[in-house]
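Structural features, examined
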Amino acid sequence: MSQRITIDPVTRIEGHLRVDVEVNDGRVSKAWASGQMWRGVENILTGRDPRDAWAITQRICGVCTTVHAIASVRAVENALNLEIPVNANSIRNLIILAHAIHDHIVHFYHLSALDWVDVTSALKADPAKTSALAESLSNWSGNSKHEFAKVKERLTGFVGTGQLGIFTNGYWGHPAMKLTPEVNLLAVSHYLQALEVQRYASKIVSVLGSKSPHIQNVAVGGVANPLALDAQSVLTMERLLAVKEWIGKLDDFVKNVYLVDVAAIGAFYPEWTQVGRGITDYLCVPDIPLDGKGETFAIPGGHIAGGDLSTFKAINTFHDKYFLDGVSEAVKHSWYDYKGGNDKSLHPYEGETTPNYTDFQDEGKYSWLKSPTFYGKPMQVGPLARVLAGLAAGHEPTARYATATLERVSSIAGIKVGLDAMHSTIGRHAARAVACAVQVDELAAQWDRLVDNMGKGDLTTFNPPTFPKGEQRGVGFHEAPRGVLSHWVVIKDGKIDNYQCVVPTTWNAAPRNEHDAPGAYEACLLDNPVADPEQPLEVLRTVHSFDPCLACAVHILDTEHTEVVTVKAA
Amino acid sequence: MHTASRPDAPRRVALLGVGNILLSDEGVGVRLVERIEAGYRLPEWVTVLDGGTCAMEMLEDLENLDLLVIADCVRTGRPPASVVVLQDDDVPAFFRTKLSPHQVGLSDVLATLHFTDRAPRRVVVVGVQPVSVDTGMTLTQAVAAALPEAEAAIVSALHSAGVPCTPRRAEAA
């Protein structure tokens, strides 16, 4: 018998991501991903000063504030052909990288690890055995028997009071949970340590961005705050030295804990390398520019077709025609109407945001997300795309961390795990950790570049923009934690005439496109196992492996209970 | 981010506004803290935070507080534009509406602070029931008209914890 499971919301209280799956004989046979909320920020921006857009767009999302600020100033600079000073470029790079590292650590430990880790099982663990296991994998200082015993005691007290707090509503005891009590205790301990470590990444964003959580230190043309080696209220050497110390702490944790845990947990779930493959057309953009014009980059990006690295086509500059011409958005299955009809897609410069809400129609319109495509095809975006592009482009750090991670998984699991395993639900987690290690190294490199350049006496941070009469068009792209983000702006006589944001989660959580081809979530959910329709943990595993982020735009507190999972005979 | 670090600081208090200012009344919490910042002189040991829709980024600012005052848009089934003040026993129930282990929102930040023994000693929520959460950067008239009442509730919560709030207008006069 076929059953229909609706998970709404997947993420937050006012949940903007709804996922529906049809299950036959314990496997997903059909899936729909639906954005449940209209994001009409594009309409707010029309008519405004392009220099203000970044401050407004960073409010789109609570998790990804900085990324929208960055993409927005890049779009306006791109339209004006405005070069930014190298210091401003380095400061932006430091903000971008620290934000991404924060995001990846929090996503793995605090948002998705509990899909794989059974907290209640950790209560049965032997701290001495846990420590022996942990020390065989890593020389991290937080792996002592004493540390694990302390966490176990704390957890026992917590569970004893009947208040699991952060761990409430987990799928404890679910048949799909496979870790031993010791690995569960290890993961819970690192969950707590990650809470301590994430703050160093937050502090970097807040010192360089000059405010947190919403950064202030960005401007069209560079960054807003002056640099000085000694003065007050600016970025001083003293603050930069503190940043250096925090980079060291992040480096230790990411290399000796995060990368190791991903491999250790992954090794217990080998069957999940066979789940969630879905779309293997990947798209990412190069980022961490090494000059003020966006002509050279530290981390490569491009397109890969059908999972075949030999098809890699690089995206090379901020003006790359291959990227600019390739993106378009369809609304055939989205709650919008295009003036010229819904059977064809529109380039973002010509984009329209006119809502037309119907109801949830399985074969018709069912999402507030548009369906972005690259040369007519849906893409998968995110850290996996980033890692595969790095491998294809011969990016040495990516190759080093990816190879080491696959070798570590193989050695723990006792089976040979190759690159093909990365195209999967668990592979996306591994790729995120690999991407994060690359980012930590680059964070240190960007710090050196900034300090070197300041040492040469160059303290410039801002090139003022001028807006000529007439029309200019620009795209700002950014490889955000969840994948390629692009802002597209049309400026007319110094005012915004059109603005479109094509965000990473829109690529991945897209509804079917104008040719009825499913988006990445929808494709990756096919054939997912579902042991218990009332507890669709496996569906959440695959969706969470993308680090979904639609939900954060609304924050209303709701005291009325809402149902999360409904199961119906289909 | 102006937190007192003096060891003799009498107490640590944070006023946190949350919500999305792109969705009209959803942003009322942020608008309220902007109003308090503009209208009152607060001691340096009071952190005023525009949290937007962020979560874990705020963890450090919310640790070991004596008092946390949260300004937010709330849905409690009351008439639109009502001002709601929740404190003491009402607050835990208010945050118990967690729906999955993956909602890293404000309720998760508070739960995390509990687990790490750094939870605020007291939490007061000053909420305003929305009229509209449509896209737009201004509040509806009814919610805008409720701002003075909500502002007074925040000031009263701060006063009751011994926080001096001097109106800037009175200073100038």
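Here is what the cut-offs are and how they apply
Residues numbered from 1 in each chain as written. Chains lettered and ligands numbered in written order. Predicted model: local features only at pLDDT ≥ 70, side-chain atom pairs only at ≥ 80, totals over all residues. Heavy atoms only, no water. Helix = DSSP H or I, 4+ residues; strand = E, 2+ residues; numbered from the N terminus. Buried < 20%, exposed > 50% of the residue type's maximum accessible area, 1.4 Å probe, protein only. Contact = heavy atoms within 4.5 Å. Areas by Shrake-Rupley, 256 points an atom, 1.4 Å probe, with all protein chains shown as cover. Lys, Arg positive; Asp, Glu negative; His and termini not counted. Charge placed at Lys NZ, Arg CZ, Asp CG, Glu CD. UniProt positions renumbered as here; feature names shortened; annotations may be inferred. Polar contact = N/O pair within 3.5 Å; in protein donor to acceptor, adjacent residues only side chain to side chain. Phe/Tyr/Trp six-rings, centres within 6.5 Å; stacked < 30°, edge-to-face > 60°. Pairing = 2+ DSSP bridges. Expected span 1.5 Å × (residues − 1). Axes fitted to C-alpha atoms, helices over the stretch in contact; angles between N-to-C directions. Parallel < 35°, antiparallel > 145°, perpendicular 65-115°, else oblique. Left-handed = near helix turned anticlockwise from the far one by under 90°. Core = buried A, V, L, I, M, F, W, Y, C linked by side-chain atoms within 4.5 Å. Nonpolar A, V, L, I, M, F, W, Y, C, P; charged D, E, K, R; others polar. Salt bridge = Lys/Arg side-chain N within 4 Å of Asp/Glu carboxyl O.

Of the regular secondary structure elements, chain A holds 15 helices and 15 strands. By principal-axis analysis of the C-alpha atoms, chain A measures approximately 70 × 60 × 50 Å. The proportion of buried residues among the 570 residues of chain A is 65%. A sequence separation of at least 24 residues applies to 74% of the contacts in chain A between residues at least 6 apart. Of the roughly 19,200 Å² of accessible surface on chain A, a fraction of 51% belongs to carbon and sulfur atoms. Between the averaged position of the 51 positive side-chain charges in chain A and that of its 64 negative side-chain charges there is a distance of 2 Å.

A separate point is the UniProt feature "binding site: Ni(2+)" (unreviewed entry) in chain B. Residue and element names in this part refer to chain B. As recorded in UniProt, the sites labelled "binding site: Ni(2+)" (unreviewed entry) are E26, D72 and H102. If you trace the backbone, E26 turns up in the loop between β1 (13-18) and α1 (28-39). Note on E26: relative accessible area 0%, which makes it buried. A distance of 2.5 Å separates a polar side-chain atom of E26 from the backbone nitrogen of N20.

Next up on the list: the packing of aromatic side chains. Residues and elements named next belong to chain A. Tallied over the entire structure, the rule returns 22 aromatic pairs over all chains. On the numbers, 5.0 Å between centres and 85° between planes, the contact of F108 with Y109 is edge-to-face. Judged on exposure class, the residue F108 and its partner Y109 are both buried. In textbook terms, an aromatic cluster arises when at least three aromatic residues are bridged by ring pairs, as seen for F297, F318, Y322, F323, Y349, F374, Y375, F477 and W488.

Residue and element names in this part refer to chain A. With numbering aligned to this structure, UniProt lists the feature "binding site: Fe cation" (unreviewed entry) at C64 and C549. Along the polypeptide, C64 turns up in the loop between α2 (53-57) and α3 (65-80). Overall, the relative accessible area of 9% leaves C64 in the buried class.

Quick look at the sheet that holds strand β7 (residues 302-304) of chain A now. All names here are of chain A. With antiparallel pairing, the three strands of this open sheet are ordered in space as β4-β7-β8. In the strand order of this sheet, the two ends are held by β4 (282-283) and β8 (313-314), each with one partner. Taken together, the two bridges between β4 and β7 define a ladder with antiparallel strand orientation. Residue Y282 lies in a different strand from β7, and its bridge partner there is I304.

Bringing α3 of chain A into the picture now. Residues and elements named next belong to chain A. Spanning 16 residues, α3 covers 24 Å between terminal C-alpha atoms, matching the ideal 22 Å at 1.5 Å per step. With 16 of 16 residues buried, α3 lies mostly within the body of the structure. Where α3 ends, the next residue or the one after it, N81, has phi of about 55°, a positive value.

A word on the packing of α1 of chain B against helix α4 (residues 141-160) of chain B. Residues and elements named next belong to chain B. In the contact formed by α1 and α4, the axes pass within 10 Å of each other and the chain directions differ by 60°. If you check the angle between α1 and α4, you find them oblique. Pair α1 / α4 crosses with right-handed handedness. Contacts between α1 and α4 pair V28, L32, R35 and I36 from the former with V143, L147, P148, A150, E151, I154 and V155 from the latter.

Residue and element names in this part refer to chain A. In spatial order, the strands read β11-β12-β13; together these three strands make up an open sheet with antiparallel pairing. The open sheet has two edge strands with one neighbour each: β11 (471-480) and β13 (495-502). In this sheet, neighbouring strand axes are inclined to one another by 15° on average, regardless of whether the strands run parallel or antiparallel. Packed onto the sheet, α3 meets β11, β12 (483-492) and β13 and runs at close to 145° relative to β11.

Moving on, we get to the nonpolar core. Counting residues in hydrophobic clusters, the biggest one holds 177 residues, and the most contacted among them are I105 and Y258 of chain A together with L62 of chain B. Core analysis: the next-biggest nonpolar cluster, separate from the first, contains 32 residues, I36, V48, A157 and C165 of chain B among them.

Let us look at the packing of helix α8 (residues 237-267) of chain A against helix α12 (residues 425-455) of chain A. Residues and elements named next belong to chain A. At their nearest, the axes of α8 and α12 sit 10 Å apart, and the two run at 160° to each other. The angle between the axes of α8 and α12 places the two elements in the roughly antiparallel class. Of the two possible hands of crossing, α8 and α12 adopt the one that is left-handed. Taken together, the residues of the contact of α8 with α12 sort by class into 23 nonpolar, two polar and six charged.

All names here are of chain A. With respect to the element layout, A531 can be found in the loop between α14 (520-525) and α15 (537-544). For A531, a relative accessible area of 55% puts it in the exposed group. In this structure the C-alpha to C-alpha distance between A531 and H174, which are 357 residues apart in sequence, comes to 8.9 Å. Excluding residues that lie within four positions of it along the chain, A531 makes contacts with H174, P175 and E538.

So, about the pattern of salt bridges. A side chain of one charge can pair with a side chain of the opposite charge if their charged atoms are brought near each other. As enumerated under the stated definition, the model contains 37 salt bridges over all chains in all. Between K150 of chain A and E147 of chain A there is a salt bridge; the shortest N-O distance is 3.8 Å. Of this pair, K150 of chain A and E147 of chain A both sit in helix α6 (residues 145-160), three residues apart, which is roughly one turn of the helix. By relative accessible area, K150 of chain A is classed as partly exposed at 44%. Shared partners join several salt bridges into a network, and the residues in it are E196, R199 and K203 of chain A together with E60, E63 and R118 of chain B.

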